[in-house]
Each structure stands twice: as structure tokens, then as C-alpha cells.
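Observations on chain architecture
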Amino acid sequence: MPQSQPPRPGDPGHVRAVLGPTNTGKTHLAIERMCGHSSGMMGFPLRLLAREVYDRVRAIKGDRRVALITGEERIEPPDARYFLCTAEAMPRTAGSHAFVALDEAQLGADPERGHIFTDRLMHMRGREETMILGSATLEPMVKALIPGAEVTGRPRFSTLSHAGVCKLSRLPKRSAVVAFSVEQVYAMAEALRRFRGGAAVVMGALSPETRNKQVAMFQAGEVDYIVATDAIGMGLNLDLDHVAFASLSKFDGRRKRRLTPSEMAQIAGRAGRHQRDGTFGTLAGTGKGDGDPLEFTDEEVYAIEEHKFAPLTHLFWREADPRFDSLGALIADLEARPDKAVLKAAPEAIDLAVLKRLAGDSIADTVRGAGAVRRFWEACSLPDFRSLGVEQHARFVARLWDDLKGGYLGADFVAARIAELDRMQGDIDTLQGRIAAIRSWAYICQRPDWVLARDEMAARARAVEAKLSDALHARLTERFVNRRTTLLMKSLGQDASALPVTLEPDGHLTVEGESIGRLEGFRFHVDPSAGVADRRMLLAAGEKALPALLASRAEWLLADGIAELEIAGGAIRWQGRALAEIAFSGHPGSGNFGTPRLTLTRDVALLPDTAKAKLEAGLAAWLEVQLEPLAPLRKLAEAARDPAAGSQARALVIALIEARGVMAREEAGLENLPKEMRPYLRKLGITFGALDIFDAPLLKPAPRRLLHALGLDTRAVQEAMQPVLAEGSWAKGRLPAGYRYAGTQAIRVDLAEKIFRAAFDARAKVVAAHPKERNRPFRLELSLAVSVGLEAENARRLLGSAGFRCDKARALPEGAHGPAAPDRWYWRPRRPEERDARKAERPPHRKDARKDGRPAEGKPHGEKRDDRPKGERRDRRDGGKPGAGKAGGRPPRENRPPLPKPDTGPARAGGAFDKLADLLKG
């Protein structure tokens, strides 16, 4: 008996087509058959599925013997014998592997990618075995294109039945919602988050890492729902019980059409795994908007349940091995018609559209020779991952070709493009856009002759894609999964006492790691993201656990967190919340500044009584220490309550307390204060200044800030109590407490007093030397004022407020040499009666006059005008020699009549100069 000959490569006798619906174990069978051979290759429609099978085969055969080849990723160990590829990435080398399989081969009828699957169906062969996997509708095409091929049908392991229409809020657990647009996917996922705690999201645009993490979240039971596009129908193995369609129509790139029954079955068939039955149906409220619910027809239900579909009548075809003699020949071959009746010419795909678009451009002049044409076609075949459309994608390809036509892409250039995408910030759409862009560069880096340092650049691109995928997974989970609601609904029911509440160091209250709210100080706030249904349970659970938690929190605060307390707004605050209001006994005008009284706020109402009393005592002790900077004010309060001080002195002390340590002299009522009481008041620390009465220690930063924080002084506060404030550093009309105006600046009153005292001392020396001369001018250095930060002009205006008038020396004539003459100063404050008389006599047409009789702003008397008689002013212009101005001279000063008293009002007169000389003597 003659021995049978083994099948030869390409012999149709060794091709086996395994056809049937979903959940028939076709892919699992192919994996087992491949692992039984010495080598093998499998092609898949999605890189997601290729990656999943790669992980399974690698677990069987080991890392060094298994390779993964996709457009964007290439993991190919030197000793690899088993190759898992996308259909586009399968090498067209028949007979190179003992086993070859093509999954989802019915995609040969897809208008966009069908020609790829048709070519692999017709030409990819294994030396020992070839397996075609797909739907039963593919059977006529297999028999027509591969005569003699063995066709095997496989029954579905479980029953698939129609469940009708279901509301989203009543969707059973372990369900998938299928939508056909990104917007609808997001809307369904957001609704599930509100109603059922969240959902995983799976779309074809996701990277394998993101998709795997989302699927793993569903498989692990962290969420009970998954929202997906029709990508779920391509080999995703999920533990689904029900598939709900949010739509029965999709846009196929050209028009919006209703799904075919076989497409519906491909998706619905994901429900039920192995021996577990599954159901499918539609969602209520997702119809056309005309009131009619979204429903399957009876014929569609029958076809899906019985797995009976119209067989395919054609597959799409395009020449897979065109000529590269010229661009015209290439385009002609790609547009050629097939010679078999069951094949149709594929519609123009984006790679051919880009080729034709660029062939008519000037860039075509750079494509010469078969090698350049082939290389140009490879560039045009770059997938449009970003879905830019023909025009935009053609521009990207043109820029790419500008670099490729001369050789390789530089590693620095590619690294820079990858680095631009290495940013994890942004929302879901932004991250998806970056992932699509990095996929383009990952594809470019996989080409063997496009990029220098290919392996390094490919590794960088994969690393960035992995990071972006992690970030996208986090954004998807953050937006579409409410872990807290899922946890409460799944395991804890409605019993608030069953919630194990934990207080975290950052103040969050958590239940098994999920936040239910936050403690701000001692007040509990339910998580604002909680739904209405959850808020009651969360609030009840929080309040049940709060007394014990707050007691330990109060104990920690007094022991270790005391430094976090602060005084603000008249209360003791912690973490921005008021714990106790601070009040001082007495009433306005009593001068009582004794022991403060604390009133605990409602924030600590849930504290147990024992813990509350302990907290109040601890806060009182802490406050006593904090009030030490106000010891001078307390000293004044004690004096105000001392009957021996006398009513006049006590009245002044009380007024000073109410003014919080500083007040203007004219408000003090000094005319009623006996002179013999002043030494007593000075011993209390009170300073009687030329314009102000103040307690100097209370002008330091600490007491000023404390008075403001306690609400005892509502005036603006200067935190550092700087000596001088620049113009514009305080709000209009709100000069900080403890300061007075000095022209365009402001100066602290104690420093202003030093400047006044220095001026009085300088004048006193001149008066002592010339006791008989009235109002003799004297010299005054402004170095002290300038040293604290006052401008010279503002120092003159400040001194003018205390009655000092400056007669500025005239500048030296041009060409003259020698020291400039010093300014001459006078002191004579205006008395009220003189000011009124002067105002009545002043002509109305004076340039420097104002309606109120005061000097014009910025031109104080004594600074811009020489009030001496004309003869004396001429003496100074003529070199200071009397009588030098005119022939004959003038009589000596002692023979002249007395000069009229000039009106030299202050720059900002306060009217506080009555009897000032007499008071200063005291």
C-alpha cells in the first residue's frame, strides 16, 4: 500500500477553518494547537487581543521563545519561535512557521481593513497547519477562496437570550453597556457612577495598558459595570452576564447605519462565559427621541439567539504586492480590480488617499526610483492614530518624508518629539490625544530603516505610552468610579454601625480606605461628592464614631498640636475653624482689660463633657501665655481701677486703653490733667509727645498684631510695624494704627516724637544762648529723620505739623563756590484765634489759597515763601550784606520797626498746639 505524501506548503488540504459564534473556544483551541508545534504565528484584529494572547503563550513557553509584533510595539527575542501579531504586522512569508492562524477572519468584509484580512486568508500558510478562525458567515468565502479547506463548526458553550429593555438604574450586576461614540460612552459611565458607584471604560483608542487595567478593575469586582464601544466584541474575555446596547446604530466612516445582526451577535455574544448563560437587551431612554424605546426587531432577536446570519457574499481585496516602478504604477495597482467574483475592490483607505494627495503635490518630484517609491508608500501607510483626516495626516506624512528621503530620522529629533509628549497633566481627552500621538512615534520607531538608535527610541516611546496610559487610567477611574458608593452598596448595606470609620492623619474619615468626609477642626463635613442617597448614611456613620474620635483629637491637640492654634477674628482657631470665642469683661469706657472669657463654639458640641472641660481649660492656659505682649495694656487697666490715681488721670488712662495704646494729643483732654499727675503717668509707661500720647511698648509688632487678631483694634495693622511706610502702602483713608502722616509717607508715632524732640532740643540751645531774642532762627539737621527712611521734604512737612517752619537757604549762584548756606528754622504754632483772623484777612485771589483757607496741597507756608521783609530778602540775594541791594543802603536791623508775625501753618495742621509750649515745660 503506497505511503501518503505529507502536505506541502500552500496545499489547501492542510487549511482548517474553525467557524462559529462567540464563546465557542476558537481562540483557545488555536493557542493549544500552536503550542503543540515547534513554531507558530497568530494574527489578530486588535493589538489588545494580540497582547492578551502574548501574555498567555509567554506563560506557557517562556519569555525568550515568544514575540509580540504590532505596529507600535515589537518584542522579539533572538530565540523567539512563537509570534503574536496584529494582522497588518504579520510577515507575508508562507511556510516560515509550522503553524499559522488568523483570528476574526470575517473582518475581510470590513470596508477599511478588509483587504488586509483577505490577503492573509488567501496567502498566509503554515508548513504543517493553517487555522482560520471566524464567524460561521465566513464559510462560503473560505470554500470559494480555499478549495478543499476543512471547515469545522463549533457550538456555543452557553445560551444567549434576549432580556428586553432595562433602565440604567436597574441594570443587573456584571453588565456591559455598549455605545458607539466617545460622548455616549462618557455619558453612560457618568450615569453609572451616579446610580451604581461607577464603571470601567474600554475603547479601541485606549492603550493596552489602560484597557487591561480597566478590565482588571471589572474582573476583580471593584466595579460591577463596564462601558465599552464595539471593540468589546473582538476577543475580550470578560465575566459578563448581560450586554445592554445604548444604541443600535453607528457611524462606519461614511454614514450612520444600523448594525447588522451578525455585528449585534458579535457584541451580545460576550455575555455568558463557558457554561454560564448570558442575556442581551437595550437601555431605556436611549431611543431616537421620538418616544419610541430602543428595541431589537423579532428577526434580529431570532438571529442572535439561534446564531443564524446571512452568509458573506464578498470580501474586500486590494493588491498586496504592487509594483514600485513609479508612483503612477503603484496607484494603478492599488486601484486594480480583483479577478475573483467573491472579491470586491476595497474602498479607498486613508493610506491610498494620502498617497494620491501627495502624488499630485511637488513632493512627488523627490520620489525617484523603485526604492524611493517603496519607502514613500511605507510612509503613506503610517496609520492615522490621531484621526486627523486625509488633509492633516497627509501634511504629517509630508513632513516625515522630508526627513526620510535623505536617510534616517536623527535620534535627537525623535527624542525631542517623544519628550514633548511626556506630560501627564490634562483631562481624559488631552491624555487620549497624547497617547494617539505617541502611538504614531512608536510606529515610526519600529520601522527598521527609519530611525537611528531604533531600539532606544522605541523603548522611550513605549515608556511614555505606559506612563500616559497609567495617567489615563487614573483619570478614567477618578471620573467614572465612585469607590465609596460601590463599597457601601456592595458590602455594608444600610447599617451605619457596620462602617469601620478611621480618622486619617490629614483629617479625612475613611471606611476601608475610602473617604466619607473630613474633619475641619472639630466639625465633620460629609464628602461633597457624595450623592443624596449616600449622605444620610455617611453622616450617620460619621456622627456615630465622632465622639470618641473627637475626644482623642482634643487630647492630641492639647499635647502635640498646640502650636497649630492661632488667634484670629476674636477667636481661638484651629485649621481655620473657631474653637472658642474670646471676650473681655467690662464695657466700653470702663478701662477693664482683665482675664478673658472663653465661649466654646458649636464645632466642639459633639465632644463628651469631660473632654470638653479639659479642652476649655487647656485653651485658657494657652491663651494666657499668648496675651503676654499685652502686659502694658493690663498695667494701664490696673491703674484705671486704682482710686488713688485720681479721676483726671484715670480718665486719661481709660481713654488711652480704649484707643489701644496710642491717641492724638488733642483727644486726650490734657487741659484737665494736673501737672503733678504726669510723673505718675510716665511711670506707667505713658509718653506725652508733641502730637501724640502713647505707650511705647504697645507699638511693637507683637501687641499690634495681637490686638488686631483679638478684634480689639479694628484699624489696619502693619505686621512688622516698620518705622516709615512708603506712599501707597496703606489703603486710602485707613492709616495703620500707631502711625501718623508725614507728607506722602507715614511714620510711627514714637519715631516721630524722637524727631520732634531733636528739633525742640536744637531750638532750646539757641534760646538759651539768646534769651532776649524772640523767635530766633536756629539750625536743624534732618539726618535723624532721613536715617529712619523719611524723605527730606516729608520730614519738613512732619515738623511743620508740630509748628516748625523752614526758611530754605537760597542755592548758590551758578559758578559760585563754597558751602551752601544752612536752612533756618522757626517754631511758632498757630493759635486758633490767629488762624481765624488770618483766614479772614487772606485775599481770595491768592494762588496758594483754598476755599477752606488752608495752604494749597504740597505748598505749605514757610517752605515755598520767604516771610521776611523785602529788604532783608534782598540782603541775602546780594551776598548777605545789609544795604547792598540799593544805593544808600538800608537802616540796620535794630533800627527797623518790628516785623509782622508771619502765618506759617503746618503742612497737615491738627489744631493741637494750644498751650503746647506750657505743656512741654511740664
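Criteria and cut-off values
Along each chain, the written sequence defines residue order, and numbers are assigned to residues from 1. For this predicted model, a pLDDT threshold of at least 70 governs which residues receive local features, and a threshold of 80 or more governs which side-chain atom pairs are given and counted, while totals over whole chains, interfaces and linings are taken from all residues. Side-chain metrics rest on all non-hydrogen atoms present in the structure, leaving aside hydrogens and water. Think of it this way: any DSSP run of H or I at least four residues long counts as a helix, any run of E at least two long counts as a strand, and we number them from the N terminus. Using a 1.4 Å probe on the protein chains alone, a residue whose accessible area is under 20% of its type maximum counts as buried, one over 50% counts as exposed, and one in between counts as partly exposed. Values of accessible area rely on a 1.4 Å probe in the Shrake-Rupley scheme; residue burial ignores everything except the protein chains shown. Each aromatic pair joins two rings of Phe, Tyr and Trp (for Trp, the six-membered one) with centres within 6.5 Å, and gets the label stacked for planes under 30 degrees apart, edge-to-face for over 60, and tilted for any other angle. A ring is considered to have a charge above it if a Lys NZ or an Arg CZ atom is located within 6 Å of its centre and within 35 degrees of its normal. DSSP calls a pair of strands paired once it identifies at least 2 bridges connecting them. Any Lys or Arg side-chain nitrogen found within 4 Å of a carboxyl oxygen on Asp or Glu counts as a salt bridge. Throughout, an axis means a line fitted to C-alpha atoms (over the contacting stretch in the case of helices), and angles, computed between N-to-C directions, take values from 0 to 180 degrees. Every residue pair with non-hydrogen atoms within 4.5 Å of one another is taken to be in contact.

Concerning the overall build of the chain
Across its full length, the chain carries 28 helices and 34 strands. Per-residue burial for the chain yields a buried fraction of 48% across its 922 residues. In the form shown here, the chain has an accessible surface area of approximately 44200 Å², with 51% of it arising from carbon and sulfur atoms.

Let's talk about the packing of aromatic side chains
Scanning the entire structure with this criterion turns up 14 aromatic pairs. Aromatic side chains phenylalanine 245 and phenylalanine 296 sit 5.3 Å apart centroid to centroid with 90 degrees between the ring planes, which places their arrangement in the edge-to-face category. Placement of the pair is phenylalanine 245 in strand β13 (residues 242–245) and phenylalanine 296 in the loop between β16 (278–283) and α8 (298–306), with a sequence separation of 51 residues. The burial state of phenylalanine 245 is the same as that of phenylalanine 296; both residues are buried. Pairing phenylalanine 760 with tryptophan 827 gives two aromatic rings, centres 5.4 Å apart and planes at 75 degrees, and the pair type is edge-to-face. In this pair, phenylalanine 760 is assigned in helix α23 (residues 749–769) and tryptophan 827 in strand β34 (residues 824–827), connecting sequence segments 67 residues apart. For phenylalanine 760, a relative accessible area of 10% translates into the label buried. Through pairs of rings, three or more aromatic residues link up here, namely Phe760, Phe778, Phe804 and Trp827. When the ring centre of phenylalanine 218 is taken as origin, the NZ or CZ atom of arginine 174, which lies over that ring, is 3.8 Å away. The ring of tyrosine 186 has arginine 479 lying over it, and the distance from NZ or CZ to the ring centre is 5.0 Å.

Some details on the pairing of strand β3 (residues 66–69)
The two faces of β3 match: Val66 and Leu68 on one face and Ala67 and Ile69 on the other face are all buried. The pairing of β3 with strand β5 (residues 82–86) spans four bridges and is classified as parallel. Each bridged residue has a counterpart across the sheet, and for isoleucine 69 the counterpart in β5 is cysteine 85. Where β3 lies against strand β4 (residues 74–75), two bridges are found, and the strand directions are antiparallel. Within β4, the position partnered with isoleucine 69 by the bridge is arginine 74. Counting the residues between successive antiparallel strands, the hairpin from β3 to β4 contains four residues.

A word on the pattern of salt bridges
Applying the stated criterion across every chain yields a total of 48 salt bridges. With its nearest N and O atoms 3.7 Å apart, the salt bridge here joins arginine 174 to aspartate 224. With a gap of 50 residues between them, arginine 174 in the loop between β9 (160–166) and β10 (175–178) and aspartate 224 in the loop between α6 (208–219) and β12 (225–228) connect regions that are remote in the sequence. Pair check on accessibility: arginine 174 and aspartate 224 agree, each one buried. Put simply, arginine 257 and glutamate 263 hold a salt bridge, and the shortest N to O gap is 3.0 Å. Of the residues examined, arginine 257 reaches a relative accessible area of 17% and is grouped as buried. Look at the salt bridges and you will find they share partners, linking Arg51, Asp55, Arg58, Asp63 and Glu73 into a network.

Quick word on the sheet that holds strand β25 (residues 577–584)
Spatially, four strands are ordered β23-β24-β25-β26 in an open sheet, and the strand pairing comes out antiparallel. Across the chains shown, the open sheet's two edge strands, defined by having one partner strand only, are β23 (566–568) and β26 (596–600). Averaged over all pairs of adjacent strands, the angle between strand axes in this sheet comes to 35 degrees, irrespective of strand direction. Bridge analysis of strand β24 (residues 571–574) against β25 gives four bridges, and the strand direction is antiparallel. Looking across to β25, one finds that alanine 571 is bridged to glutamate 581. Packed onto the sheet, helix α18 (residues 609–626) meets β23, β24, β25 and β26 and runs at close to 145 degrees relative to β26.

Focus on the environment of arginine 757
Structurally, arginine 757 is set in helix α23. What makes arginine 757 partly exposed here is its relative accessible area of 34%. Separated by 68 residues in sequence, arginine 757 and glycine 689 place their C-alpha atoms 8.5 Å apart.

What to know about the sheet that holds β4
With respect to topology, eight strands assemble into an open sheet ordered β4-β3-β5-β2-β6-β7-β1-β8, the strand pairing being mixed. Looking at which strands have only one partner, the edges of the open sheet turn out to be β4 and β8 (150–153).

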